[in-house]
Amino acid sequence: MISHELVRVFAHFFHMSKTFDEDIIDSYNHRITTIFLLMCMTLVILYDYFEEAVVCWTPSQFSDSWVQYTRKICWVSNNYFVSMSDQDLSSAVRSEVVYYQWTPIILTIQTVLFCLPFIFWKEFSRSSGIDLNGIAKSAKDLEYESSDRRTRGIRSVTKHIDRYLTHYKDFRTGWCQTLTAELASFGCFFGKRHGNHLVAIYLLSKLMYIGNACLQLYLLNVFLGTDYYVYGVEALRDVANNGTYRECSRFPRVGLCDFEIRTLSNNIEHYTVQCTMPINIFNEKIFLILWFWLTTIGLLNLASTISWMWTMFASDQRSYFKDHLLVLDLYDRSKDKKKLHSFVTHYIRQDGHFVIRMLELNSSDMVATEVVGALWNRYNKHYKREDNSLYEV
């Protein structure tokens, strides 16, 4: 019953957290990963609450209250692992297990870290003056609307985008402004007046996702006190050599616990007991999956960032918009070449290109094409001089 309720809650959270101003890799970071981490955290907390995370083998003279005390003291103090092949405990190499009490807190911190780039993107994109999520969601809803409502919706989306594109336009002229605009198109300058404010914020959030994955691998390596950064590699090597994954000293199921008891006669008695740590069965699997996921998501973030940088600063934007206009039969190859250059370079710029790409990712190619066509018509209608030449806007 509890498991069904948890699944329902997490499914509802997954649905409610969906946004339309990101690509699928962003969704993997702040939605899929956080849901997985929260599920793991819930599992560990429930196991700690309903089951005994540490069970110790105690001397026969221990009463029930002594046994209970031993469990508690060995839970709050750190156990340590000694290989069964070591006969002398005093000279054996001890691997202290310091993390199992803190696993829920570790997972909570990881969840927060995965949400920080998403929060950064949301907060700073709102301050740019355009509700990209609202626009993309409206465009998504237009896919299944009737022709009239679809036309009105496209007009509304286009008006919103046009207002953003023209509000921060730099109307200064001269060779210096032309050079600055050209350099900004290659990412040398960033800002609202340069037409790449949204792109800069989004790419910075992408870099934060990459840094987050690397930072978490480093912090887990420090906190777990083991060579965690090669954990997955060793697990794969173990499976390749032995056909199965064996228990490792990083997450021992059996360890030793030292504690002292002061008697009424003021004597201090030392005890060493052997304890099982069933919670490490979960910890081992959780942190192994996390190793593979952090490595995978880090590489996906890197590939996604490179792809977006290429799209925004190195790809042929005029060809991209020309293809959209050709679909709607709005582009004349013999007459509109110069007009297209002005449209892309001085009106759309990187931020407009980025908005169209987001609409394409989160709605459909056809909706994005219709928005491009509406922006083209609006540009031709509203940005002409009296001599019928286009403004360099």
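Worth saying up front: this structure is predicted, and the values here are computed from it rather than measured.

A few words on the overall build of the chain. Helix and strand counts for the chain come out as 13 helices and five strands. Put simply, the chain has 393 residues, and 44% of those count as buried. A separation of at least 24 residues holds for 73% of the contacts in the chain among residues at least 6 apart in sequence. When the accessible surface of the chain is totalled, it reaches about 21400 Å², and 60% of it is carbon and sulfur.

What follows concerns the pairing of strand E4 (residues 254-262). Direction of pairing for E4 relative to strand E5 (residues 268-276): antiparallel, over a ladder of nine bridges. Along E5, the bridge assignment pairs Ile261 with Glu269. Here E4 folds back onto E5 in antiparallel fashion, the turn holding five residues, of which Asn266 has a positive phi close to 70°.

All right, on to the nonpolar core then. Soluble globular proteins tend to pack their nonpolar side chains together in the buried interior. Of all hydrophobic cores here, the largest spans 43 residues; its most connected members are Ile161, Phe321, Phe343, Phe354, Ile356, Leu359 and Val371. Contributing elements (two or more residues each) for this core: helix H4 (103-126), helix H5 (132-141), helix H6 (147-167), helix H8 (197-224), helix H10 (279-313), helix H11 (317-327), helix H12 (337-362) and helix H13 (365-382). Among the elements that line this core, the one with the most residues is H12, at ten residues. Ile356 has contacts with Tyr320, Phe321, Ala368, Val371, Val372 and Leu375, leaving out every residue within four places of it along the chain. Counting 39 residues, the second largest nonpolar core, distinct from the first, contains Leu37, Cys74, Val97 and Phe287.

On to the pairing of E5, then. It is a general feature of regular strands that their side chains alternate between the two faces of the sheet. Pairing analysis gives three bridges linking strand E1 (residues 55-57) to E5, with the strands arranged antiparallel. Within the sheet, the bridge partner assigned to Cys56 lies in E5 and is Cys275.

Moving on, we get to the state of the cysteines. Throughout the structure, instances matching the rule amount to two disulfides. Across the disulfide from Cys56 sits Cys275; the S-S distance is 2.0 Å. Across the S-S bond linking Cys56 and Cys275, the dihedral sits near 95°, which makes this disulfide right-handed. Of this pair, Cys56 sits in strand E1 while Cys275 is found in strand E5, placing the two residues 219 residues apart along the sequence. Each member of the pair Cys56 and Cys275 is classed as buried.

Applying the stated criterion to the full structure yields 22 aromatic pairs. Ring pairs connect the aromatic residues Tyr320, Phe321, Phe343, Tyr347, Trp376 and Tyr379, which therefore count as one cluster. Sitting over the ring of Tyr320, Arg357 keeps its end group 3.8 Å from the ring centre.

Right, let's get into the packing of H12 against H13. For the pair H12 and H13, interaxial distance at closest approach is 11 Å and the crossing angle is 150°. In terms of axis orientation, H12 runs roughly antiparallel to H13. Seen along the crossing, H12 lies across H13 with a hand that is right-handed. Taken together, the residues of H13 that come into contact with H12 (itself represented by Lys339, Leu340, Ser342, Phe343, Tyr347, Ile348, Ile356, Leu359 and Glu360) are Asp365, Ala368, Val371, Val372, Leu375, Trp376, Tyr379 and Asn380.

Attention now moves to the layout of surface pockets. Here the second largest pocket defines a volume of roughly 280 Å³. Taken together, 16 residues line the second largest pocket, and the ones lying closest to its centre are Ile154, Arg155, Thr158, Ala374 and Asn377. If you list the elements that add at least two residues to the lining of the second largest pocket, you get H6 and H13. The residue inventory of the lining of the second largest pocket, partitioned by class, reads four nonpolar, six polar and six charged.

In this section: the packing of helix H2 (residues 24-50) against H8. Packing of H2 against H8 brings their axes to within 11 Å, and their N-to-C directions diverge by 50°. The angle between H2 and H8 falls in the class oblique. Like other packed secondary-structure pairs, H2 and H8 cross with a definite hand, here left-handed. On the side of H2, the interface is formed by Ile25, Asp26, Asn29 and His30, while H8 contributes Tyr202, Lys206 and Tyr209. Here the residues of the contact of H2 with H8 are counted per class, giving three nonpolar, two polar and two charged.

Below, the discussion takes up H4. Taking 1.5 Å per residue, 24 residues should reach 34 Å; H4 reaches 35 Å between its end C-alpha atoms and fits that length. Its axis deflected by about 30° at Leu116, H4 carries its strongest bend there, up to four residues before the proline Pro117.

This part is about the side chain of Gln101. Inspection of the secondary structure assignment puts Gln101 in the loop between strand E3 (95-97) and H4. Its relative accessible area of 16% is what places Gln101 among the buried residues. Within the local environment of Gln101, its side chain forms a polar contact with the backbone oxygen of Trp75, the two atoms lying 3.0 Å apart. Polar contacts involving the side chain of Gln101 include one to the main-chain carbonyl oxygen of Val76, which spans 3.4 Å. Discounting chain neighbours no more than four positions away, the residues touching Gln101 are Trp75, Val76, Ser77 and Asn78.

Scored by pLDDT, the chain has a mean of 80; 80% of the residues are at 70 or more. Confidence over residues 171-180 falls short of pLDDT 50; this stretch has four contacts with residues more than four positions distant or in other chains. In the predicted structure, residues 385-393 sits below a pLDDT of 50 and forms 20 contacts with residues beyond four places in sequence or in another chain.

So, how was this worked out
- Residues numbered from 1 in each chain as written.
- Predicted model: local features only at pLDDT ≥ 70, side-chain atom pairs only at ≥ 80, totals over all residues.
- Heavy atoms only, no water.
- Helix = DSSP H or I, 4+ residues; strand = E, 2+ residues; numbered from the N terminus.
- Buried < 20%, exposed > 50% of the residue type's maximum accessible area, 1.4 Å probe, protein only.
- Contact = heavy atoms within 4.5 Å.
- Areas by Shrake-Rupley, 256 points an atom, 1.4 Å probe, with all protein chains shown as cover.
- Pairing = 2+ DSSP bridges.
- Core = buried A, V, L, I, M, F, W, Y, C linked by side-chain atoms within 4.5 Å.
- Disulfide = S-S within 2.5 Å.
- Phe/Tyr/Trp six-rings, centres within 6.5 Å; stacked < 30°, edge-to-face > 60°.
- Lys NZ or Arg CZ within 6 Å of the ring centre and 35° of its normal.
- Axes fitted to C-alpha atoms, helices over the stretch in contact; angles between N-to-C directions.
- Parallel < 35°, antiparallel > 145°, perpendicular 65-115°, else oblique.
- Left-handed = near helix turned anticlockwise from the far one by under 90°.
- 1 Å grid on protein atoms, 1.4 Å probe; cavity = no way out; pocket = protein on both sides within 12 Å on 5 of 7 lines; lining within 4 Å.
- Points joined across faces, edges and corners; volume = space filled by probe spheres on them.
- Nonpolar A, V, L, I, M, F, W, Y, C, P; charged D, E, K, R; others polar.
- Expected span 1.5 Å × (residues − 1).
- Bend = angle between axes of the 7 residues up to and from the residue.
- Polar contact = N/O pair within 3.5 Å; in protein donor to acceptor, adjacent residues only side chain to side chain.
- pLDDT = per-residue confidence, 0-100.

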